[in-house]
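Descriptive analysis of the structure
One-letter residues, chain by chain:
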Amino acid sequence: MARPVTGITSYITPARWGSWELEAALVPWAYVKAIERAGGRPLLVPPSDGGVEETLDALDGLLFSGGSDLAPHLYNQPPHEETRGIVAERDQGELLLLQAALARDMPVLAVCRGSQLLNIARGGDLVQHLPDVVGDEKHKHTPGTFADHDVTLEPGTRLAGLLGDRAPVKSHHHQGIGRLGDGLQVAAYAEDGTVEAVEDPSHRFAFGVLWHPEAGEDLRLFEELVCAAADYRAAR
């Protein structure tokens, strides 16, 4: 039986290999291995503001990966001095892709930056610099190193049904969910009250998690995504 094809959105970033240093479309290998271990066929999806429907025609599910900050104008805020690394081409391409995927009810798992994009796509906004709100940088204490902490799952949510009451996670973000987008509900909190996950109960599978499940050993989110992708494929 063919494995469900699961797209992984890519970064646009300078990269070096051999004698070359060029702008590249890439994803961390951990995302690819997580989808493969969960039984899916990963496919790199670079950002583009054209061919969205053609791209979705080739996919059964989508994983929106992490990365740099999103442009504040997308949620009608002026930029904070700590908001950095904006890639306008990626912002625009992924926003169009996500909105079209949700319109098809295609299974979507949105990780870190992806969860923020999901909230923006539904009309919500972001906290541009969490230390201004929580008073510390525990969600991103060391650049390039994941912060380990627990999250508390909201009873009755699908995510709680999957992960239980509490779960250990790995985070690396300085921004967070602000005003909640239309149709979304909070699925998990950190101990400091920060929203750590959202879900849309009206869709077959639409989860946004601020942590990085690909960095841990727990494959349940990826297995659930691949399972939903298989069902989506069968129903087409």
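Report follows, based on the coordinates. (Residues numbered from 1 in each chain as written. Predicted model: local features only at pLDDT ≥ 70, side-chain atom pairs only at ≥ 80, totals over all residues. Heavy atoms only, no water.)

1. Focus: the overall build of the chain
Rules: Numbering of helices and strands starts at the N terminus; helices are DSSP runs of H or I of at least 4 residues and strands are runs of E of at least 2. Only C-alpha atoms enter the radius of gyration, while the globule expectation follows 2.2 Å times N to the 0.38, with N the number of residues. Residue burial is assigned from relative accessible area. The probe radius is 1.4 Å, only protein chains are included, and a residue is buried under 20% of its type maximum, exposed over 50%, and partly exposed in between. It only takes one pair of heavy atoms within 4.5 Å for two residues to be counted as in contact. Surface accessibility follows the Shrake-Rupley procedure with a 1.4 Å probe radius. Residue values consider only the protein chains on display as shielding.
Helix and strand counts for the chain come out as seven helices and 13 strands. Over its C-alpha atoms the chain spans a radius of gyration of 17 Å, differing by no more than 12% from the 18 Å that the globule rule assigns to 236 residues. Referenced to the eigenvectors of the C-alpha coordinate spread, the extents of the chain come out at roughly 50 × 50 × 35 Å. Residues counted as buried form 51% of the 236 residues belonging to the chain. Counting only contacts in the chain whose residues sit at least 6 apart along the sequence, the fraction spanning at least 24 positions is 69%. Of the roughly 10700 Å² that the chain leaves accessible, carbon and sulfur atoms contribute 51%.

2. Some thoughts on helix H7 (residues 220-235)
Quick reminder of the rule: What a helix is expected to span follows from its residue count: subtract one and scale by 1.5 Å. This arc describes the spread of directions from the helix axis toward the C-beta atoms.
In this model, H7 (16 residues) spans 22 Å end to end at C-alpha, consistent with the 22 Å of a helix rising 1.5 Å per residue. For H7, the set of buried residues is Leu221, Phe222, Leu225, Val226, Ala228, Ala229 and Tyr232. Down the axis, H7 shows its buried residues gathered within 165° of arc, on one side only. For H7, the exposed residues set more than 90 degrees away from the buried face come down to Ala234 and Ala235. Contact partners of the buried residues in H7: strand S1 (5-9), helix H1 (29-37), strand S5 (61-64), strand S6 (108-111), helix H6 (158-163) and strand S13 (206-209).

3. Thoughts on the side chain of Gln116
Relative to the elements of secondary structure, Gln116 occurs in helix H4 (residues 113-121). We classify Gln116 as buried; its relative accessible area is 4%.

4. Thoughts on a nonpolar patch on the surface
Keep this limit in mind: Only residues above 30% relative accessible area that lack a salt bridge enter a patch, with like-charged residues linked at up to 9 Å and the nonpolar side chains Val, Leu, Ile, Met, Phe, Trp and Tyr linked at up to 5 Å. Salt bridges, as used here, are contacts in which a Lys or Arg side-chain nitrogen is within 4 Å of a carboxyl oxygen on Asp or Glu.
A cluster of nonpolar side chains, namely Trp17, Trp20 and Leu22, defines an oily patch on the protein surface of about 360 Å² accessible area. Position of Leu22 relative to the elements: it lies in strand S3 (residues 20-26). When its relative accessible area of 41% is taken as the criterion, Leu22 is described as partly exposed.

5. Notes on unusual backbone geometry
Phi is positive for Asn76, which is not a glycine, with a value near 60°. Here Asn76 shows up in the loop between S5 and helix H3 (88-103). Positive phi, close to 50°, is recorded for Cys112, a residue that is not glycine. By the secondary structure assignment, Cys112 is in the loop between S6 and H4. You can call Cys112 buried: its relative accessible area is 4%.

6. Some points on the packing of H3 against H4
Rules: Under this scheme, a helix contributes an axis fitted over its contacting stretch, all axes are lines through C-alpha atoms, and angles between N-to-C directions fall in the 0 to 180 degree range. Should an angle lie under 35 degrees it is considered roughly parallel, over 145 roughly antiparallel, and from 65 to 115 roughly perpendicular; all remaining angles are considered oblique. Handedness of each helix crossing follows the sense of rotation of the near helix against the far helix: counterclockwise by less than a right angle gives left-handed, clockwise gives right-handed.
Relative to each other, H3 and H4 sit at 65°, their axes nearing to 10 Å. The angle between H3 and H4 places the two elements in the roughly perpendicular class. In the crossing of H3 with H4, the sense of the turn from one axis to the other is right-handed. Contacts from Arg90, Asp91, Glu94, Leu95, Leu98, Gln99 and Leu102 of H3 reach H4 at Arg113, Leu117, Leu118 and Ala121.

7. So, the pairing of S1
The test is simple: Whether two strands pair comes down to DSSP finding at least two bridges between them.
Taken across its five residues, S1 has five buried, putting it largely inside the fold. Residues of S1 alternate between two faces, with Val5, Gly7 and Thr9 on one and Thr6 and Ile8 on the opposite face, all of them buried. Taken together, the five bridges between S1 and strand S4 (residues 41-45) define a ladder with parallel strand orientation. Residue pairing in the sheet places Val5 in a bridge with Arg41 of S4. The pairing of S1 with S5 spans three bridges and is classified as parallel. If you follow Gly7 over to S5, its bridge partner there is Leu62.

Interpretation in functional terms is not warranted from these geometric data alone.
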